[in-house]
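Per-entry structural report
One letter stands for each residue in the lines below.
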Amino acid sequence: MLLDTGSRVAVVGGGPAGSFFTYFLLEMASRMEIELQVDVYEPKTYLQPGPAGCNMCGGIISESLVQYLGAEGIILDSDVVQRGIDSYVMHMDAGTVRIDPPGHEKRIAAVHRGAGPRGQVNHRWASFDKHLLGLAESLGAHVINDRVETIDWVDGRPRVATKKGEGGVYDLLVSAVGVSGGGLKLMESMGIGYQPPETTKTYICEFLLGEEVIEQYFGSSMHVFLLDIPRLEFAAIIPKGEFVTVVMLGEGIDKELVDAFLGSPEVRACFPADWSIPEEHCRCFPSINIKGSPRPYGDRVVFIGDCGENRLYKDGIGGDYRTAKAAAKTAIFEGVSEGAFRKYYGPTCKALATDNSIGKIVFLVTGLIKKLPFARRGMLRMVAGEQRSPGSGKQMSGVLWDTFTGSSSYRSVFQRTMHPLFLGKLVWNIIVALPRRRAIVGQ
Amino acid sequence: MKAGDLGREYQDGEAIITQGEVGDRMYVVQSGKVEVVRTDGAAEVRLAELKQGDFFGEMALFDKDVRSSTVRAKGTARVLTIDKKMFLRKVHEDPSLAFRIMEKMSRRIRELNEQAGK
Ligand SMILES: Cc1cc2nc3c(=O)[nH]c(=O)nc-3n(C[C@H](O)[C@H](O)[C@H](O)COP(=O)(O)OP(=O)(O)OC[C@H]3O[C@@H](n4cnc5c(N)ncnc54)[C@H](O)[C@@H]3O)c2cc1C
């Protein structure tokens, strides 16, 4: 089962995974002098403000992905990137510390996935997802602006049909439907034994503050919060152009938890004193992949991005890039049979899954630190010390940077925390911080 | 620099890399123009002008020699750094990431051959 000139490929879902796949498939096909016909099915136009035109997420394009895309020749410009991020500020009850990685370069991009939040007045920035879909189109993909309603099989080949009656029979079906919305049900109904990923609910909201206030209060830093609020796993505020995006991960997120977080003194201190939460603001409860699909492929079908396997909690778009490219390479060079995907695409998914198991331990430890006041103070003291003395090692700063921004693998984060020097420094800082109660360090 | 600009900004004439220095990273032009120059004694030869999406300094990723030329901003330019270790680790996993760089290097060899033939 090989793709050749004239082969037809259907990509269901034009989020980052679908667009990356299409882009790399067409690029590799052109190098191999194969002419493919690729149809991307995507009901969203990304032109409508609010959740209807948006694949809801925090909108952080990780430092590693920005560099990979640079090497791929894909430049993210300031018509898409709303803010370049060069640092982060960690907020805890014990204090606040700002972490500047060496280089002071803006290598993390903050974007809006769609046309911007509800209530957006001027469209100064383009949607990130639309930008990627545009790249795929520029290489010759045909975008069909409709939702796929049914998929069945004709002589062993997948047949796709949309509501408006578009569709056809294909040599390869690529599912990139994500985990929010009805796409997973459709894939389960396909009859190939596809098991969807496990997911959990998250929370995102957007506040309109204006460029000046954002510059003054948030700057070009991502703000992360390690607060001992029951059920809250992790929260961040990400400055964009005129909005800030609030992202919350936790257990059974509901209004009570959202109110507890937004009302906490650590969060209030980030906003202007006279600011209050506006009655009307854009918010959503999207799902996030927490355990991938066990077998994200079959004969002439492959699942990429969130509906297959992805990175736990962080850098989902970086994970999209990885699985999309691995699937495209397999399709062009190895074929589209289940065996080809198992042998050549499977390892990429497995590597992500293994790294996620290590990530779970990393988050378990972070959760523990959040709960233990002396550990929080010790960690804060260690980071603050590292940030004050430019020549010293930046063990804790580096570990936190990579944990929060998703810039490197969880394995690498874990290995560094197991280093005797790291552990020694941490224990020392915890001991020294023991008698202290509250300290505001840095900033 | 606009809030949404990535990378680092260099002013007109500012050197991004300097001939003879050791390098451990590669660069991609995000916006503006940079020029590649080589000095031989007192003479300065302009080798190329690069624009958005072009790479430079990529030889440092593959050999341990010093920078073979100086690259400086021509007008205000913004440049993104790609770390050597990060890049090589990724290329190990996905060799096709190096394709564009190979493409560019082969184009450069072709140009050099043409010049040598003149
Ligand atoms: C709260 C939260 C914060 C996050 N923050 C970040 C972050 O800051 N950075 C980061 O890198 N990642 C982040 N992620 C993860 C990231 O959002 C996902 O990993 C990423 O969006 C997955 O991309 P995808 O293309 O697989 O799916 P999606 O982005 O969900 O795209 C799926 C597409 O498929 C389309 N579709 C669905 N069904 C059909 C159908 N039947 N027919 C046709 N089309 C269909 C949808 O319209 C949609 O456009 C976050 C996730 C959450 C929940």
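Source: prediction; values computed, not measured. (Residues numbered from 1 in each chain as written. Chains lettered and ligands numbered in written order. Predicted model: local features only at pLDDT ≥ 70, side-chain atom pairs only at ≥ 80, totals over all residues. Heavy atoms only, no water.)

What follows concerns the site of the ligand. Residues and elements named next belong to chain A. Near the ligand you find 36 residues, and of these Glu42, Ile60, Arg113, Asp306 and Asp320 are the closest. With respect to the ligand, the backbone of Ile60 contributes an N or O atom lying 2.8 Å from a nitrogen atom. The element that contributes the greatest number of residues to the shell around the ligand is helix H8 (residues 316–333), accounting for three residues. In the shell around the ligand, the residues fall into 17 nonpolar, twelve polar and seven charged. (Near = heavy atom within 4 Å. Polar contact = N/O pair within 3.5 Å; in protein donor to acceptor, adjacent residues only side chain to side chain. Helix = DSSP H or I, 4+ residues; strand = E, 2+ residues; numbered from the N terminus. Nonpolar A, V, L, I, M, F, W, Y, C, P; charged D, E, K, R; others polar.)

On to unusual backbone geometry, then. Residue and element names in this part refer to chain A. Although it is not a glycine, Glu33 sits at a positive phi angle of roughly 55°. Note on placement: Glu33 falls in the loop between helix H1 (16–31) and strand S2 (37–41). Phi angles above zero are rare outside glycine, and Arg300 is one such case at about 60°. In this fold, Arg300 is placed in the loop between strand S20 (297–298) and strand S21 (301–303). Of the residues examined, Arg300 reaches a relative accessible area of 11% and is grouped as buried. (Buried < 20%, exposed > 50% of the residue type's maximum accessible area, 1.4 Å probe, protein only.)

For the rest of this paragraph, the subject is the sheet that holds strand S11 (residues 167–169) of chain A. In sheet architecture, strand pairing relies on hydrogen bonds along the backbone and comes in two forms, parallel and antiparallel. All names here are of chain A. The strand order across the open sheet built from three strands is S9-S10-S11, with neighbouring strands paired in antiparallel fashion. Among the strands making up the open sheet, the edge pair consists of strand S9 (148–154) and S11. Averaged over neighbouring strand pairs, the angle between their axes works out to 15° when direction is ignored. Note: S9 against strand S10 (residues 157–162), six bridges, orientation antiparallel. (Pairing = 2+ DSSP bridges. Axes fitted to C-alpha atoms, helices over the stretch in contact; angles between N-to-C directions.)

Moving on to the packing of aromatic side chains. Residues and elements named next belong to chain A. All told, the structure shown has 20 aromatic pairs over all chains when counted by the stated rule. With a centroid separation of 5.3 Å and an interplanar angle of 85°, the aromatic rings of Tyr23 and Phe24 are classed as edge-to-face. Here Tyr23 falls in the buried class, since its relative accessible area comes to 8%. Seen in terms of ring centroids, Tyr203 and Phe285 are 5.0 Å apart; in terms of plane orientation they differ by 55°. Their pairing is tilted. Here Tyr203, found in strand S14 (residues 203–208), pairs with Phe285, found in the loop between strand S18 (283–284) and strand S19 (287–291); they are 82 residues apart in sequence, far enough to count as distant. According to the relative accessible area criterion, Phe285 is partly exposed, its value standing at 39%. Above the ring of Tyr170, the side-chain terminus of Arg8 is found at 4.5 Å from the ring centroid. (Phe/Tyr/Trp six-rings, centres within 6.5 Å; stacked < 30°, edge-to-face > 60°. Lys NZ or Arg CZ within 6 Å of the ring centre and 35° of its normal.)

Residues and elements named next belong to chain A. Parsing chain A into structural domains produces domain 1 (8–59 + 127–197 + 292–358), domain 2 (77–118 + 200–287) and domain 3 (363–442). In this structure, domain 1 and domain 2 have C-alpha centres spaced 29 Å apart. Each partner contributes residues to the interface: domain 1 has 23 residues there, and domain 2 has 24 residues. Taken together, both faces of the contact between domain 1 and domain 2 bury some 1,800 Å²; the carbon and sulfur share is 63%. Of all residues in domain 1, Gly58, Gly59 and Tyr313 give up the largest surface area on contact with domain 2, accounting jointly for 26% of the area buried on that side. (Domains from an automatic or database assignment. Contact = heavy atoms within 4.5 Å. Buried area = accessible area lost by both parts, 1.4 Å probe.)

With that settled, the discussion passes to the sheet that holds strand S17 (residues 243–250) of chain A. All names here are of chain A. Ordered by their spatial adjacency, seven strands build an open sheet running S6-S5-S15-S16-S17-S14-S18, and the pairing between neighbours is mixed. Looking at strand neighbours, the two that pair on one side only are strand S6 (95–99) and S18, the edges of this open sheet. The pairing of S14 with S18 spans two bridges and is classified as antiparallel. Residue pairing across strands places Ile204 opposite Cys284, the latter belonging to S18.

So, about the interface of chain A and chain B. Listed by partner, the interface residues are 28 residues for chain A and 31 residues for chain B. Between chain A and chain B the total buried area reaches about 2,500 Å² when both faces are included, carbon and sulfur atoms providing 52% of it. Residue Lys329 of chain A is joined to Asp94 of chain B by a salt bridge in which the shortest nitrogen-to-oxygen separation is 2.7 Å. Within the residue set of the side of chain A that touches chain B, elements represented by two or more residues are H1, helix H2 (63–72), strand S4 (83–85), strand S7 (108–110) and H8 of chain A. With seven residues, the single largest contributor to the side of chain A that touches chain B is H2 of chain A. For the side of chain A that touches chain B, the residue count by class is ten nonpolar, seven polar and eleven charged. (Salt bridge = Lys/Arg side-chain N within 4 Å of Asp/Glu carboxyl O.)

This paragraph deals with helix H13 (residues 420–433) of chain A. All names here are of chain A. Over its 14 residues, H13 runs 20 Å from end to end, which matches the ideal 20 Å to within 8%, given 1.5 Å per residue. Regarding H13, the residues found buried are Phe422, Leu426, Asn429, Ile430 and Ala433. Within H13, the buried residues cover an arc of 100° as seen down the axis, which keeps them to one side. Of the exposed residues in H13, the ones pointing more than 90 degrees away from its buried face are Pro420 and Trp428. If you follow the buried residues of H13, they end up packed against helix H10 (373–388), helix H11 (395–405) and helix H12 (410–417). (Expected span 1.5 Å × (residues − 1). Arc of directions from axis to C-beta.)

What follows covers the pairing of S17 of chain A. Residues in a regular strand point their side chains to alternate faces of the sheet. All names here are of chain A. The element S17 is largely enclosed, with a buried count of eight among its eight residues. Because side chains alternate across S17, one face comprises the buried residues Phe243, Thr245, Val247 and Leu249, and the other comprises Val244, Val246, Met248 and Gly250, equally buried. Bridge count for S14 against S17 is six bridges, and the pairing is antiparallel. Pairing of Ile204 across the sheet is with Val247, part of S17. Where strand S16 (residues 232–239) meets S17, seven bridges bridge the pair, whose relative direction is antiparallel. Paired with Ile237 across the two strands is Val246, which belongs to S17. The hairpin formed by S16 and S17 contains three residues between the paired strands.

A general feature of soluble globular proteins is that nonpolar side chains tend to end up buried together. Residues and elements named next belong to chain A. By size, the foremost hydrophobic cluster in this structure holds 67 residues, and its most contacted members are Phe21, Leu25, Leu172 and Ile304. Here this core spans two domains, and each of domain 1 (8–59 + 127–197 + 292–358) and domain 2 (77–118 + 200–287) adds at least three residues to it. The residues contacting Leu172, other than those within four sequence positions of it, are Leu3, Arg8, Val9, Ala10, Phe21, Pro158, Arg300, Val301, Val302, Ala331, Val336 and Phe341. Met222, Val224, Met382 and Val399 belong to the second largest nonpolar core, which has 36 residues in total. (Core = buried A, V, L, I, M, F, W, Y, C linked by side-chain atoms within 4.5 Å.)

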